[in-house]
Amino acid sequence: MIRLLTSVLLFSLLFSKSLFSNNIAVVDIEEIINLNEYYIKINKQIDEDQKKNSDFLLNNEKKLDYLRKEIEDSKIILDENEINKMIIHYNTELDTLSNQIDTFNAHYQVQIIEIRKIILKEIIVLAEKYAKNNDIDLILDSTSYLIASNAINITNIIKKELEKINL
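Parameters and conventions
- Residues numbered from 1 in each chain as written.
- Predicted model: local features only at pLDDT ≥ 70, side-chain atom pairs only at ≥ 80, totals over all residues.
- Heavy atoms only, no water.
- Helix = DSSP H or I, 4+ residues; strand = E, 2+ residues; numbered from the N terminus.
- Buried < 20%, exposed > 50% of the residue type's maximum accessible area, 1.4 Å probe, protein only.
- Contact = heavy atoms within 4.5 Å.
- Areas by Shrake-Rupley, 256 points an atom, 1.4 Å probe, with all protein chains shown as cover.
- Lys, Arg positive; Asp, Glu negative; His and termini not counted.
- Salt bridge = Lys/Arg side-chain N within 4 Å of Asp/Glu carboxyl O.
- Polar contact = N/O pair within 3.5 Å; in protein donor to acceptor, adjacent residues only side chain to side chain.
- Patch = residues over 30% accessible without salt bridge, like charges linked within 9 Å, V, L, I, M, F, W, Y side chains within 5 Å.
- Core = buried A, V, L, I, M, F, W, Y, C linked by side-chain atoms within 4.5 Å.
- Phe/Tyr/Trp six-rings, centres within 6.5 Å; stacked < 30°, edge-to-face > 60°.
- Expected span 1.5 Å × (residues − 1).
- Bend = angle between axes of the 7 residues up to and from the residue.

Q: What is the right way to read the overall build of the protein from this model?
A: Within the protein one finds five helices and two strands. Across the 167 residues of the protein, 22% fall into the buried class. Here the analysis covers contacts within the protein between residues at least 6 apart in sequence; of these, 85% occur between residues at least 24 apart. Surface exposure of the protein reaches about 12,800 Å², of which carbon and sulfur atoms provide 56%.

If you want it as structure tokens, here you go:
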């Protein structure tokens, strides 16, 4: 009986840690991406490029304003058919400008999403490497939990490793 009790106690001590404990870490992916030098640099370049290309859209917008004013001024002079033709032309130009703006915005949104994907892939690789090297069983994004100890937050470690990579 004592042998059985000793065996059970020994067995539970040896295997209980590996059976019931999990090593968990937390990483703030948004913080890592948003504070990444590469991401910040690319965002500045995108902003500069947007400013350059927005001049073209502003010129088209000014042309539309001129057409609108011309329609308003011509209401007294021109007959209804001529005014309707001007309004149709204005609406066509407005649709064209709206499509250009949508294309303009979509282009930059796609670029930002692609850049974020590149950074996220690197974060995943670094997190996997960290998990293997430190016997981590589970890594959660900081938005996936309610409360956790700061001791399990590996955001700064991943951030530093990501800075070493030439994106």
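Here the narrative resumes.
Q: Where do I start with the side chain of D28 in this structure?
A: Considering the arrangement of structural elements, one finds D28 in the loop between β1 (24-27) and α2 (29-34). Buried and without a salt bridge, D28 has K159 as its closest oppositely charged side chain, separated by 7.9 Å. Looking at D28, its side chain comes within polar contact range of the main-chain nitrogen of E31, at 3.2 Å. With near-sequence residues (within four places) excluded, D28 lies in contact with D141, S142 and T155.

Q: In this structure, what is going on with the environment of F56? I would like to understand it.
A: Of note, F56 is situated in helix α3 (residues 37-74). Judged by its relative accessible area of 48%, F56 is partly exposed. As for F56 and Q100, which are separated by 44 residues in sequence, their C-alpha atoms are 10.0 Å apart.

Q: What am I meant to see in unusual backbone geometry here?
A: Residues apart from glycine generally show negative phi values, whereas peptide bonds are mostly found in trans. Look at D135: it is not a glycine, yet its phi comes out positive at around 55 degrees. Locating D135 in the fold gives a position in the loop between α4 (80-133) and β2 (138-141). Assessed through its relative accessible area of 55%, D135 is described here as exposed.

Q: How should I be thinking about a nonpolar patch on the surface in this particular structure?
A: The grouping of I76, I77 and L78 at the surface amounts to a nonpolar patch, some 350 Å² of accessible area in total. Examined against the element boundaries, I77 turns out to sit in the loop between α3 and α4.

Q: What's the story with the nonpolar core in this structure? I'm lost.
A: A general feature of soluble globular proteins is that nonpolar side chains tend to end up buried together. Counting 28 residues, the largest nonpolar core has I32, I115, I119, I123, I154, I158 and L162 as its most contacted members. Going through the elements one at a time, β1, α2, α3, α4 and α5 (155-163) are the ones with two or more residues in this core. Here the element with the most residues in this core is α4; it accounts for 13 residues. Leaving out residues up to four positions away in the same chain, L162 has contacts with I32, N36, I119, E122, I123, L126 and L167.

Q: So what exactly am I meant to see when it comes to the packing of aromatic side chains here?
A: In total, this model carries one aromatic pair according to the counting rule given. Ring centres 5.0 Å apart and planes at 70 degrees place the aromatic pair F104 and Y108 in the edge-to-face group. Of this pair, F104 and Y108 are both found in helix α4, four residues apart, which corresponds to roughly one turn of the helix. The pair formed by F104 and Y108 is uniform in burial state, with each residue classed as buried.

Q: How do you make sense of α3 when you look at a structure like this?
A: Side chains that are three or four residues apart share a direction in an α-helix, a result of its 3.6 residues per turn. For α3, which comprises 38 residues, the first-to-last C-alpha distance of 55 Å matches the rise-based estimate of 56 Å (1.5 Å per residue) to within 8%. The largest bend along α3 measures about 30 degrees and falls at S54. At the N-terminal end of α3, a side-chain oxygen is found 2.9 Å from the backbone nitrogen of Y38, two or three residues along, and the residue is N36.

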